[in-house]
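Overview (structure and organization)
Spelled out from the first residue to the last, the chains are:
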Amino acid sequence: EAGVAQSPRYKIIEKRQSVAFWCNPISGHATLYWYQQILGQGPKLLIQFQNNGVVDDSQLPKDRFSAERLKGVDSTLKIQPAKLEDSAVYLCASSLARGPYEQYFGPGTRLTVT
Amino acid sequence: AQKVTQAQTEISVVEKEDVTLDCVYETRDTTYYLFWYKQPPSGELVFLIRRNSFDEQNEISGRYSWNFQKSTSSFNFTITASQVVDSAVYFCALSEAVGNTGKLIFGQGTTLQVKP
């Protein structure tokens, strides 16, 4: 069974530029999560989807971050414009259903904003 | 408010030593779930265990064991006879049942280095 796929693995941009990350969850997984992991910290949830609907985006900085999961499968997270403090690893995770189930994580995208 | 605290930032042991990683949590919910994840250098978080708040039985899986104590709000993780491959960052996480979102609140992580 293929795991959670993410691309790109690494991205370096200048502040005020835009960037997009892509995630393809495990086939059949209805719930998809995007986490931000700043160096030396635990992951923090940015947004959660159930199929193509948003469950929780309370910690997403909506003035610059956006995310979509149009067909309920893969998802894109965008930052526009990026700030220095957005430098982090962006992790995508999926689970079979909504609730306290095991989440399967992708390898992450390491973003450096200069 | 929900919170997970892993007070140990880094631990270094020599191979074959036993090591315990501490986790203390805060929640007002009576129903919640606790997790441990391992993050090796490759970056992917790997699920290790999930416990619900009504099951205080300790669990053992090979060299890994977990001690859940509601009285002290702790969910500690012990590796027996550590190996170099255990070197990683370990995260404890909390998920509350309210809203049934599955959202994980992570601790800051403990970096474990096992030296040969």
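Keep in mind that what you see is a predicted model, and the values were worked out from it rather than measured. (Residues numbered from 1 in each chain as written. Chains lettered and ligands numbered in written order. Predicted model: local features only at pLDDT ≥ 70, side-chain atom pairs only at ≥ 80, totals over all residues. Heavy atoms only, no water.)

**As for the overall build of chain B**
- When helices and strands are tallied, chain B shows zero helices and 12 strands.
- Its C-alpha atoms give chain B principal-axis dimensions of about 45 × 30 × 20 Å.
- Taken over 116 residues, chain B has a buried fraction of 47%.
- Contacts in chain B between residues far apart in sequence, at least 24 positions, make up 57% of those at least 6 positions apart.
- Accessible area for chain B stands at about 5,700 Å²; split by element, carbon and sulfur atoms hold 48% of it.
- Distance between charge centres in chain B, computed from 10 positive and 13 negative side chains, equals 3 Å. (Helix = DSSP H or I, 4+ residues; strand = E, 2+ residues; numbered from the N terminus. Buried < 20%, exposed > 50% of the residue type's maximum accessible area, 1.4 Å probe, protein only. Contact = heavy atoms within 4.5 Å. Areas by Shrake-Rupley, 256 points an atom, 1.4 Å probe, with all protein chains shown as cover. Lys, Arg positive; Asp, Glu negative; His and termini not counted. Charge placed at Lys NZ, Arg CZ, Asp CG, Glu CD.)

**Points about the environment of B:D55**
All names here are of chain B.
- As for its placement among the helices and strands, D55 is situated in the loop between β6 (46–52) and β7 (59–61).
- Overall, D55 belongs to the partly exposed group, its relative accessible area being 28%.
- Distance in space between the C-alpha atoms of D55 and F77 is 16 Å, their sequence separation being 22 residues.
- At a separation of 2.7 Å, a polar atom in the side chain of D55 contacts the side chain of R51.
- Engagement of the side chain of D55 in a polar contact is seen with the backbone nitrogen of Q57, the distance being 3.1 Å. (Polar contact = N/O pair within 3.5 Å; in protein donor to acceptor, adjacent residues only side chain to side chain.)

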